[in-house]
Protein chains: 2
Amino acid sequence: MLGAMQDWPLRLERLIDHAAREHGPREIVTRWADGSFERTNWAGIHRDARRLAQALVAFGIKPGDRFATLAANHGRHLVSWFGAIGAGAVIHTINPRLFDDQIVYIANHAEDRVLIYDQAFEAVVERLKPRFETIEHFVCFNPDSGEGGFEALIAGYDGDYVWPEGDERAPAMLCYTSGTTGNPKGVLYQHRSQMLHSFVQATPDVFSLSARAAVLPVTPLFHAGAWGLPFAAAMTGSKLVLSASNEPAVLHQLIIDEQVTHSCGVPTIWLSLLQYVERERLDLGRLHHISCGGSAAPRALIAGYMDRGVQFTHLWGMTELSPIGSVAALPAEWDNMDREAKLDLLQKQGYAAFGLELRVVDDEGNALPRDGKSSGQLQVRGAWVVERYFRAEKSAVDEDNWFDTGDIAVIHADGALQLTDRAKDVIKSGGEWISSVDLENAAIAAPCVAEAAAIGVYHPKWDERPLLLCVPKPGIEPSADRVREALASRVAKWWLPDEILFVDELPHTGTGKLLKTELRERYKDYKLPGV
Amino acid sequence: MLGAMQDWPLRLERLIDHAAREHGPREIVTRWADGSFERTNWAGIHRDARRLAQALVAFGIKPGDRFATLAANHGRHLVSWFGAIGAGAVIHTINPRLFDDQIVYIANHAEDRVLIYDQAFEAVVERLKPRFETIEHFVCFNPDSGEGGFEALIAGYDGDYVWPEGDERAPAMLCYTSGTTGNPKGVLYQHRSQMLHSFVQATPDVFSLSARAAVLPVTPLFHAGAWGLPFAAAMTGSKLVLSASNEPAVLHQLIIDEQVTHSCGVPTIWLSLLQYVERERLDLGRLHHISCGGSAAPRALIAGYMDRGVQFTHLWGMTELSPIGSVAALPAEWDNMDREAKLDLLQKQGYAAFGLELRVVDDEGNALPRDGKSSGQLQVRGAWVVERYFRAEKSAVDEDNWFDTGDIAVIHADGALQLTDRAKDVIKSGGEWISSVDLENAAIAAPCVAEAAAIGVYHPKWDERPLLLCVPKPGIEPSADRVREALASRVAKWWLPDEILFVDELPHTGTGKLLKTELRERYKDYKLPGV
């Protein structure tokens, strides 16, 4: 049929071209750990990204080659994203908090050819250099790093460079999951998938980004690409504020001085900031939008920000989802809801944005009703969901593209998602599920409990029954009876643990998550009372 | 390279699926001309669209076939969009205000197979039936239209229907330009282009749509698809309010009763609404966002809404651009601007949203600087810009995809677009351009002028010089000298018309635009004084 619209490939270099052309003077601010500042703007990022691209061409980097970073949030890190992606390479952001073995595994698995790192991580790089199998070029980001440094590298180029054309389904970014079991798995984001993700991210019900926004992503650039925010910020011409420190006093000063309107990060960041401004009797300036993810935010935390006029939005996501899965957007009836109903809503994980579908299924894979009660495995599919992990021979999804998240959830009638547990941590008792997370949250309500872990232990009649392990709070007499009392008023009777043990400490991963695999291994032959 | 994200075709039926699944109860309100109401919701639209799709399959409609409507804004019209598009057909919205010959030309050129029309246009349909060459099925939208009507058509189907799969570059919608010269030309929107347009439309700097928005598109569904709003509303789960009447009292009542937050339309609508609420001392309820396009809004009109707390945004577009070209979004420095600077900004046509590029070129096609002074032909390219008109053998764009809009404009240093004239109306005097629009606006400042038209007339030395035609205001003595005085303080001296004539009336198109082609024809041998 003759007649058509123009073809316009969804390529990410268009984002930085647009930002430079239409929002060139809009600032990109970096606040270093020592308190000093460095300022550039979208036009400057664009120019330096093209200079880096010229350097990469001189390195012999070809389309699809991987280019790694080991760095905090700063302007040069951003330049390296757009330079590498624009040149057709794949930006691979390595998490510097991982253990040595994981960093080595990831870099070798990704077959990175270049690594640019912060001086702060120089010791790691020097230590691991002999074990990196494919990295040919090591470059330090810091401006005073001399001849082999980033500034010296791009100094030889003028930025007079035209991005090569490419397919919109070509890869652009590689992020590894930080799984608690097995080796990390790589998710290879495409130009197209990340572009669609950015469009949705900019909408009012997700991050609500505009040319008037000033965005401070506390989330690291190496964590699912700071939740994709730098791309969406370029799309909308938002100002970006990047900080190498997450201390509450530093974040607060930036929020005030840089007139930050939007931020994102994990609950612990928001808790410490809230405590800081309450203690010091400070306000939050123009901050009006916080996206909170990583784990569930407590009700009091949400209320604290709500009372200060900040829209505090739960965001649930995964590296496999680029990472946005659901957002606790405000529903149509918001203005008519009372305070408690609002908090109930904001405590859930929110709604599927356009482009994504959510469902919960039972063990046989049958879709369960959206009734707020039917708990099952959470599955996702959509425009920015993984199809197969990097270098995996096997697809990660079923024949209808459903990806199993490993989470246990219910979906309410209005479409709101509520996570209840990780699938591998749920305790299966007599064909019914007991949420380990709910048991742990109930246990720490007891004054004598500092931390708690609930695991399922073999039981001949019920298959599994809960065993609760508690770390006592210093200075308070530990009492299993008191813990049992605290639980009794908070969970169903049949959920009560068959035994409560006090232990000196619980095992954790490098990023601070409970290592339940190790606990299950340790207690796998444990005999519950009466068995 | 192994590893990828899911493929997710950008198909418009996903919009209505999403709206029904995630925002099913959100209302779609129709207010009929007689004051009665009809209410459905996204779930109802979804169900009826699938019932219509079943009926179209029974009609033998195949993917790509054209399905026409001749109708006002109402819920059934919306059903017909999603039903036809979902079934793989192309929705062709005919403008009922066109002349008979144009309607016949368009329907035959489009090769429409079905026409659904409002009873209000039955006389037109009956009159033109013998001249429609391809329409096999005529269906009346009105619920009381009996056996051959829309309700009877879908009554036989249950909606148990799965949309057929299709390519994202397949056509979805056909809109004809209402050009002032020559035959109307068809622009064939694709699923993909319209989807990308919808993503951008939802962002805060364009329409800012969310689940909390209640949108009243005053713009007709047959006018570039109500500027694409119904698609973006489905994407975001906004409420839609559709009215068959545009009387200010009706619109105001809807704004209050239906808690409308967003609206769009042409300046005359907003002028009459503003006058109405000022006269009646009424407020505008929750309305906070008006998008105004079609022609330039006067400063006093913009100020009137700004003072009432409504964000009044200029939107410049064309059927060829799906239709969004530029939007007077609020820039980063907005809050620090004074009132006059804000109004200066809002009077311009605004900025290119991500996905579109604007430039002005001289007669040789050289790009001109963004300096607010260099006036040239406005060109556009991007993700939702026409490549070639429907059934045209020739492309409508140059080798770099630039589409010539036919407008004359300057672009300011901040990227703001300012239209100065239509290219064919500009007066070319001694190699320089005189804006006919600016002359006309200056002329109507004279108390004796009701309407004015400026055209270029042959001049042996300057090629063209301006001739100004004025319709006198009743009861005031017409005076060319007074008009000349009014002009002298408003335009450059060399712009002053060589002659000012008073005429009884000026010719107009069916939609009220000045018909300058006719004036130029009428005065083509006119001898200016001194020639």
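Conventions and cut-offs
- Residues numbered from 1 in each chain as written.
- Chains lettered and ligands numbered in written order.
- Predicted model: local features only at pLDDT ≥ 70, side-chain atom pairs only at ≥ 80, totals over all residues.
- Heavy atoms only, no water.
- Buried < 20%, exposed > 50% of the residue type's maximum accessible area, 1.4 Å probe, protein only.
- Helix = DSSP H or I, 4+ residues; strand = E, 2+ residues; numbered from the N terminus.
- Arc of directions from axis to C-beta.
- Contact = heavy atoms within 4.5 Å.
- Phe/Tyr/Trp six-rings, centres within 6.5 Å; stacked < 30°, edge-to-face > 60°.
- Lys NZ or Arg CZ within 6 Å of the ring centre and 35° of its normal.
- Core = buried A, V, L, I, M, F, W, Y, C linked by side-chain atoms within 4.5 Å.
- Least-squares fit on C-alpha atoms with pLDDT ≥ 70 in both.
- pLDDT = per-residue confidence, 0-100.
- Salt bridge = Lys/Arg side-chain N within 4 Å of Asp/Glu carboxyl O.
- Axes fitted to C-alpha atoms, helices over the stretch in contact; angles between N-to-C directions.
- Parallel < 35°, antiparallel > 145°, perpendicular 65-115°, else oblique.
- Left-handed = near helix turned anticlockwise from the far one by under 90°.
- Pairing = 2+ DSSP bridges.
- Right-handed = clockwise from strand over helix to strand, strands pointing away.
- Polar contact = N/O pair within 3.5 Å; in protein donor to acceptor, adjacent residues only side chain to side chain.
- Nonpolar A, V, L, I, M, F, W, Y, C, P; charged D, E, K, R; others polar.
- Lys, Arg positive; Asp, Glu negative; His and termini not counted.
- Buried area = accessible area lost by both parts, 1.4 Å probe.
- 1 Å grid on protein atoms, 1.4 Å probe; cavity = no way out; pocket = protein on both sides within 12 Å on 5 of 7 lines; lining within 4 Å.
- Points joined across faces, edges and corners; volume = space filled by probe spheres on them.

### Some details on helix α15 (residues 480–488) of chain A
All names here are of chain A.
Then comes step 1: If you check which residues of α15 are buried, you get V483, A486 and L487. For α15, the angular spread of buried residues about the axis comes to 100°, placing them on one side. Exposed and oriented more than 90 degrees from the buried face of α15 are D481, R482 and E485.
Then comes step 2: Buried-residue contacts for α15 involve α14 (436–443), β23 (449–459), β24 (463–472) and β25 (499–502).

### Here we look at the packing of aromatic side chains
Then comes step 1: With the rule as written, the count across this model stands at 25 aromatic pairs over all chains.
Then comes step 2: Seen from their ring centres, W42 of chain A and F82 of chain A are 6.4 Å apart, and the 80° between their planes marks the pair as edge-to-face. Residue W42 of chain A is located in helix α2 (residues 42–59), and its partner F82 of chain A is located in helix α3 (residues 75–86); the two are separated by 40 residues in the primary sequence.
Then comes step 3: We classify F82 of chain A as buried; its relative accessible area is 2%.
Then comes step 4: One aromatic cluster is present, formed by W8, F199 and F354 of chain A together with W8, F199 and F354 of chain B through successive ring pairs.
Then comes step 5: Over the face of the ring belonging to W8 of chain A we find R14 of chain A, whose NZ or CZ atom lies 4.2 Å from the ring centre.

### Focus on the nonpolar core
Then comes step 1: In this structure, W42 and F82 of chain A together with W42 and F82 of chain B are the most contacted members of the largest nonpolar core, which totals 176 residues.
Then comes step 2: Judged by nonpolar contacts, the second largest core, of 35 residues, contains V241, V260, I302 and L330 of chain B.

### Some points on the relation of the copies chain B and chain A
Then comes step 1: Superposition record for chain B on chain A: RMSD 0.1 Å, screw rotation 180°, translation along axis 0.0 Å. These values place the two chain copies in the arrangement generated by a two-fold rotation axis. For chain B, the residue whose C-alpha comes nearest the rotation axis is T203 of chain B, separated from it by 2.3 Å.

### Side note on the confidence of the model for chain A
Then comes step 1: Confidence along chain A averages 94 in pLDDT terms, with 98% of residues attaining 70 or more.
Then comes step 2: ipTM for the predicted complex: 0.89, alongside a pTM of 0.90.

### Thoughts on the pattern of salt bridges
Then comes step 1: Per the stated rule, a full pass over the model turns up 76 salt bridges over all chains.
Then comes step 2: Measuring nitrogen to oxygen at the nearest pair gives 3.0 Å for the salt bridge that ties E22 of chain A to R370 of chain B. Of this pair, E22 of chain A sits in helix α1 (residues 13–23) while R370 of chain B sits in the loop between β16 (356–361) and β17 (376–382), each in a different chain.
Then comes step 3: On the accessibility criterion, E22 of chain A (8% relative accessible area) is buried.
Then comes step 4: R370 of chain B gets classed as partly exposed once you look at its relative accessible area, which sits at 26%.
Then comes step 5: A salt bridge links E38 of chain A to R76 of chain A; its shortest N-O distance comes to 2.4 Å.

### Side note on the environment of P9 of chain A
Then comes step 1: Position of P9 of chain A among the secondary structure elements: in the loop between β1 (4–5) and α1.
Then comes step 2: Looking at P9 of chain A, the relative accessible area reads 26%, which means it is partly exposed.
Then comes step 3: Put simply, P9 of chain A and E168 of chain A are 159 residues apart on the chain and 5.6 Å apart in space, counted from C-alpha to C-alpha.
Then comes step 4: With sequence-adjacent residues up to four places away left out, P9 of chain A is seen in contact with R14 and E168 of chain A together with R192 of chain B.

### Quick notes on helix α4 (residues 100–110) of chain A
All names here are of chain A.
Then comes step 1: Taking burial as the measure, the eleven residues of α4 include eight buried ones, the bulk of the element.
Then comes step 2: Within α4, burial applies to Q102, I103, V104, I106, A107, N108, H109 and A110.
Then comes step 3: Tucked inside the fold, the buried residues of α4 contact β4 (66–70), β5 (90–93), β6 (112–117), α5 (122–128) and β8 (171–176).
Then comes step 4: Downstream of α4 by one or two residues, E111 has phi in the positive range, about 55°.

### Let's talk about the packing of helix α11 (residues 267–280) of chain B against helix α12 (residues 299–306) of chain B
Residue and element names in this part refer to chain B.
Then comes step 1: Closest axis-to-axis distance for the α11/α12 pair is 10 Å, and the angle between their directions is 55°. The orientation of α11 with respect to α12, classified from their angle, is oblique. Viewed along their axes, α11 and α12 form a crossing whose handedness is left-handed. Mapping the contact onto sequence places P267, W270, L271, L273 and L274 in α11 and L301, G304 and Y305 in α12.

### Notes on the pairing of strand β14 (residues 311–317) of chain A
All names here are of chain A.
Then comes step 1: Among the seven residues of β14, five are classified as buried, and the element is accordingly described as predominantly covered.
Then comes step 2: In terms of strand pairing, strand β13 (residues 289–292) meets β14 through four bridges, oriented parallel. Bridge assignment links C292 to a residue of β14, and that residue is H314.
Then comes step 3: A crossover links β13 with its parallel partner β14, the connecting element being helix α12 (residues 299–306), and its sense is right-handed.
Then comes step 4: Inspection of the sheet shows β14 paired to strand β15 (residues 324–327) by three bridges, in the antiparallel sense. Opposite L315, over in β15, you have V327 as the bridge partner.
Then comes step 5: Counting the residues between successive antiparallel strands, the hairpin from β14 to β15 contains six residues, one of them, S322, with a positive phi of roughly 75°.

### Points about the side chain of T405 of chain B
Residue and element names in this part refer to chain B.
Then comes step 1: Structurally, T405 is set in strand β19 (residues 403–411).
Then comes step 2: The class of T405 is buried, set by a relative accessible area of 2%.
Then comes step 3: Among the polar contacts made by the side chain of T405, one reaches the main-chain carbonyl oxygen of L378 at a distance of 2.7 Å.
Then comes step 4: Those residues in contact with T405 that lie beyond four places of it in its chain are W316, M318, L378, Q379, V380 and R422.

### Details of the packing of α1 of chain A against α2 of chain A
All names here are of chain A.
Then comes step 1: Orientation of α1 relative to α2, taken along the N-to-C sense of each, is 140°, at an axis distance of 8 Å. The angle between α1 and α2 places the two elements in the oblique class. Our pair here, α1 against α2, has a crossing hand that is left-handed. Of the residues in α2, those touching α1 at I16, D17, A19, A20 and H23 are W42, A43, I45 and H46.
Then comes step 2: Among the residues forming the contact of α1 with α2, the class breakdown is six nonpolar, two polar and one charged.

### Re the side chain of D118 of chain A
All names here are of chain A.
Then comes step 1: With respect to the helices, strands and loops of the structure, D118 is situated in the loop between β6 and α5.
Then comes step 2: Among buried charged residues, D118 stands out as having no salt bridge; its nearest opposite-charge side chain is R76, 7.9 Å away.
Then comes step 3: Of the polar contacts made by the side chain of D118, one reaches the backbone nitrogen of A72; its length is 2.7 Å.
Then comes step 4: If sequence neighbours within four positions are ignored, D118 has contacts with L70, A71, A72, H74, C140, F141 and N142.

### Digging into the interface of chain B and chain A
Then comes step 1: Across the contact, 75 residues belong to chain B and 75 residues belong to chain A.
Then comes step 2: For the pair chain B and chain A, the two sides together bury roughly 5,900 Å², of which 57% comes from carbon and sulfur.
Then comes step 3: Sorting the residues of chain B by area buried against chain A places M5, Q6 and F354 of chain B first, and these three jointly supply 17% of that buried surface.
Then comes step 4: Here chain B and chain A share twelve salt bridges between them.
Then comes step 5: R212 of chain A serves as the salt-bridge partner of D335 of chain B, at 3.5 Å between the closest nitrogen and oxygen.
Then comes step 6: In this assembly, chain B and chain A are joined by 28 residue pairs in polar contact (both at pLDDT 80 or more).

### Details of the pairing of strand β3 (residues 37–41) of chain B
All names here are of chain B.
Then comes step 1: Direction of pairing for strand β2 (residues 27–31) relative to β3: antiparallel, over a ladder of five bridges. Residue pairing in the sheet places I28 in a bridge with T40 of β3.
Then comes step 2: The turn joining β2 and β3, which pair antiparallel and follow one another in sequence, is formed by five residues; a positive phi near 90° is taken by G35.

### With respect to empty space enclosed by the protein
Then comes step 1: In total, this model carries one cavity of 30 Å³ or more according to the counting rule given.
Then comes step 2: In this structure, the largest cavity spans a volume of roughly 50 Å³.
Then comes step 3: Lining the largest cavity are Q6, D7 and W8 of chain A together with R169, Q190, R192, S193, L196 and A383 of chain B.
Then comes step 4: The greatest single-element share of the lining of the largest cavity, amounting to three residues, is contributed by helix α7 (residues 191–202) of chain B.

### Some details on the environment of A68 of chain A
Then comes step 1: When you line up the elements, A68 of chain A lands in strand β4.
Then comes step 2: Put simply, A68 of chain A and V410 of chain A are 342 residues apart on the chain and 38 Å apart in space, counted from C-alpha to C-alpha.

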